[in-house]
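Topology and contacts: notes
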Amino acid sequence: MAKISVYRFLSAGCNGCDVEILECLVPRYKLADLGIEVVERPEEANVLILTGGVNVKGKEELLKTYETINPPKIVIAVGNCALTKEIFDKGYPMVGPPDQIIPVNYYVPGCPPRPQAIVKAVADILGVKIEEKEDYWLAPEGFRGKHEFDREKCMGCGTCAQVCTADAIDVIDGPDKRIVRVNYGHCSFCAVCQDECPTQAIRLTREYHLVTNNRQTTMVSNEVDLLSCSVCGGTFIPEKQIDWALKRITTEKVPAYSEFSNEILSAMKICMVCRRSIKNIREAKRLLTRLSEKVRGF
Amino acid sequence: MPETVYIGPYRPQLVEPERFELLVEGNIIIDARLELGYMHRGIEKLFTTRTYAQNIALAERICGICSGIHTLCYAQTVERLMGIDVPERAKYLRCIYMELERLHSHYLWFGILAHSLHEHEAFLKIMGERERVQDLLEYLTGNRMNYLINTIGGVRRDITPEKAEKIRRTLKELKPLSDYIMSLLDDNGAFTKKTKGVGVLPRERALDVGAVGPTLRGSGIASDIRKEDPYAAYDKLDFQVIVERDGDVRAKALVRARETYESMKIIEQALDNLPPGDIVAKPGEPKVGEEVGRTEAPRGELVYYIRSNGTNIPERVKVRTPSYANNFAILEMLKGERLENARAVIESIDPCFACTDRVTIVDAKTGRRRIIALR
């Protein structure tokens, strides 16, 4: 490809990505070595870098800008707002994400992506290799990058989905499996899921080079088996979650209950609907009476 | 005959898109108007659809540059609503993180100022050196921007002795950058020639239009929320409120340049006196009622108002950002200014939106448009 001239367009983001793109111009990131220049008029550009989720006022301007830039009109969406509108997803003035308005060729997830990620993404798109000798190409310890599940530890409880600040985590129940799915293209990389996970199963790794040409692929997921109700046979809760809860009750919270483990387990294996049938209520009451007798000593 | 000049909204050269409508006679701006909304995301409505804990990430994304101070102001307001006492150590840590943010924000502003004054070499040097703060923040918090370090009840990550050592080292490396910026602003400096006497905002007018932060302090008024209404540990730390009297773009630049030294002083003191203990307190339940909190963002006074109905979702959150207050100061400063200086004037308040180097002039009589380059 001939010379690369980049024009930046921002509508309805937090401008963090825009500052990071500006930061890419710093000599240490060697963007200039790749033969790239940032231009200030769309008519001089042949590459458009988008940030932000596009609101009502920005839509017309985006269409106009896209018309103006020169072929081959490569469009790169930088930052999660430009992928999925991220945290502003449900905002009333938002009409994006941009790929609903104009064709987008590449996506760079991140909130905001590190300048290193943007430079690497551009190099990948151009098919050039950049040397990464310096320390700063490696993300530091404790960096909040792409997610990773510990498949042994994850029990599928869905706490992460509840605390998620950007609605990036979905819990999808199938006939006998539950899928916990993180869309890191929708994620704000706040790492609250990592802090709140009861089994430390979800972790944000130091991986930050996430460029893709299909934003449906920005997913990390884990599958867990669901347990069938011992009365009606329908699935309702992950097996591992029951084990975890039982262990917590009988060993951590009230060790005195440990001799009733089997009874407690069989009570827990009844689904929400069946628990309310008369027969099961009676049985549950009987169990509760025995448990309280054990603890109170009468 | 007066002409109307439009700056923006798109052709964003720097940060965000916004539109200015300038009425020009000859080369002199006689009136200015501002059209907002290109960045509108409906955040205040979104606040009322999420829990208090989730909202902190939303508050952070109001602005990507001063993101930390938004979370602090929000967290402090919620803490008052919930009756939480923040541990002493967390208060000092908050000061450290927020002053690091002030450093990177002020350096970014100087980078952008250099860019709009066409000082390319200075731009690259300032932005390059600024990476040191960004690397440090990434090392301390896990992200370069939107680092979500404050949480309701304290902070999320502690500063260990090794980390403190790294901060001290970085501050030492940053002093030459501040010295370099001061040299650009001294009597013969490159910035001085282009900014002295430009965009003057007199003391009285600054008060009338309700300017805040460095814009107000550049006009000779010593107003700083860190001193007037101390939050976190600022009442126990010794620092000066920087004031300059000239009211022009250079005065605002000098305020920021000298403030970087004060920020370094604050961080060093806080590191020296860091008390032991927890870094986060247990969260409480929001009481029915309303609270107002304010903090000193890099750009000026930031105000949060939160009304609670006792549930885990706020009923109303109102945010008054410093750029909003300073927008009216831009309009004031633009009047009577030469057209070629418009960009430096607009940049001088450190607005959270970009201007452009290109404007469209509409002839008021014929409606004919012509495009000129704004230098």
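Scroll up to find the structure.
Note that the structure is predicted; figures quoted are calculated from it, not measured.

**A closer look at the overall build of chain B**
Along the backbone of chain B there are 13 helices and 10 strands. Every one of the 375 residues in chain B was classed for burial, and the buried ones make up 64%. Taking the intrachain contacts of chain B between residues at least 6 apart in sequence as the baseline, contacts between residues at least 24 apart amount to 69%.

**Topic: the packing of aromatic side chains**
Throughout the structure, instances matching the rule amount to 10 aromatic pairs over all chains. Where tryptophan 109 of chain B meets phenylalanine 110 of chain B, the ring centres are 5.0 Å apart and the plane angle is 75 degrees; that geometry is what we call edge-to-face. Each member of the pair, tryptophan 109 of chain B as well as phenylalanine 110 of chain B, carries the same accessibility label: buried. Three or more aromatic residues link up through ring pairs in this structure, and these residues are Tyr29, Tyr136 and Trp137 of chain A. Across the ring face of tyrosine 136 of chain A, the terminal group of arginine 28 of chain A is positioned such that the distance to the ring centre comes to 3.9 Å. Sitting over the face of the ring of tyrosine 66 of chain A, lysine 73 of chain A holds its NZ or CZ atom 5.0 Å from the ring centroid.

**Points about the side chain of threonine 250 of chain A**
Residue and element names in this part refer to chain A. Counting through the fold element by element, threonine 250 comes out in helix H7 (residues 239-253). A polar contact is formed between the side chain of threonine 250 and the backbone oxygen of leucine 246, at a distance of 2.8 Å. Once residues within four sequence positions are removed from consideration, threonine 250 is found in contact with Pro255, Tyr257, Ser258, Ser261 and Ile264.

**Notes on the nonpolar core**
Within the largest apolar cluster, 149 residues are counted, with the highest numbers of intra-cluster contacts made by Leu22, Phe47, Tyr74, Ile96, Tyr304 and Leu334 of chain B. Per element, the largest residue contribution to this core is 16 residues, and it comes from helix H4 (residues 88-116) of chain B. Residues Cys154, Ala168, Ile169 and Tyr184 of chain A belong to the second largest nonpolar core, which totals 20 residues.

**What about the pattern of salt bridges?**
Within this structure, the stated rule accounts for 56 salt bridges over all chains. Between arginine 156 of chain B and aspartate 195 of chain A there is a salt bridge; the shortest N-O distance is 2.8 Å. In this pair, arginine 156 of chain B is assigned in the loop between strand S5 (154-155) and helix H6 (161-185) and aspartate 195 of chain A in helix H6 (residues 192-196), connecting two distinct chains. Take aspartate 195 of chain A: its relative accessible area is 45%, and that puts it in the partly exposed class. Glutamate 262 of chain B is paired through a salt bridge with lysine 265 of chain B; the nearest N and O atoms lie 3.3 Å apart. Within this pair, glutamate 262 of chain B and its partner lysine 265 of chain B are both found in helix H11 (residues 249-272), separated by three residues, close to a single helical turn. In this structure glutamate 262 of chain B comes out as buried when scored by relative accessible area, which is 10%. One salt-bridge network, in which partners are shared between bridges, spans Glu99, Arg102, Arg217, Asp224, Arg226, Glu259 and Glu296 of chain B.

**Let's talk about the sheet that holds strand S7 (residues 169-173) of chain A**
Residue and element names in this part refer to chain A. Taking strand neighbours across the sheet as the criterion, the four strands line up as S7-S8-S10-S11 in an open arrangement whose pairing is antiparallel. A strand with exactly one partner marks an edge of an open sheet, and here the two such strands are S7 and strand S11 (235-238). Looking at each pair of strands side by side, their axes are set apart by 35 degrees on average, direction ignored. Pairing between strand S10 (residues 219-228) and S11: three bridges, direction antiparallel. Bridge pairing in S11 links leucine 227 to isoleucine 237. Packed on one face of the sheet, H7 meets strand S8 (177-183), S10 and S11 and runs near 55 degrees to S11.

Analysis parameters
Residues numbered from 1 in each chain as written. Chains lettered and ligands numbered in written order. Predicted model: local features only at pLDDT ≥ 70, side-chain atom pairs only at ≥ 80, totals over all residues. Heavy atoms only, no water. Helix = DSSP H or I, 4+ residues; strand = E, 2+ residues; numbered from the N terminus. Buried < 20%, exposed > 50% of the residue type's maximum accessible area, 1.4 Å probe, protein only. Contact = heavy atoms within 4.5 Å. Phe/Tyr/Trp six-rings, centres within 6.5 Å; stacked < 30°, edge-to-face > 60°. Lys NZ or Arg CZ within 6 Å of the ring centre and 35° of its normal. Polar contact = N/O pair within 3.5 Å; in protein donor to acceptor, adjacent residues only side chain to side chain. Core = buried A, V, L, I, M, F, W, Y, C linked by side-chain atoms within 4.5 Å. Salt bridge = Lys/Arg side-chain N within 4 Å of Asp/Glu carboxyl O. Pairing = 2+ DSSP bridges. Axes fitted to C-alpha atoms, helices over the stretch in contact; angles between N-to-C directions.

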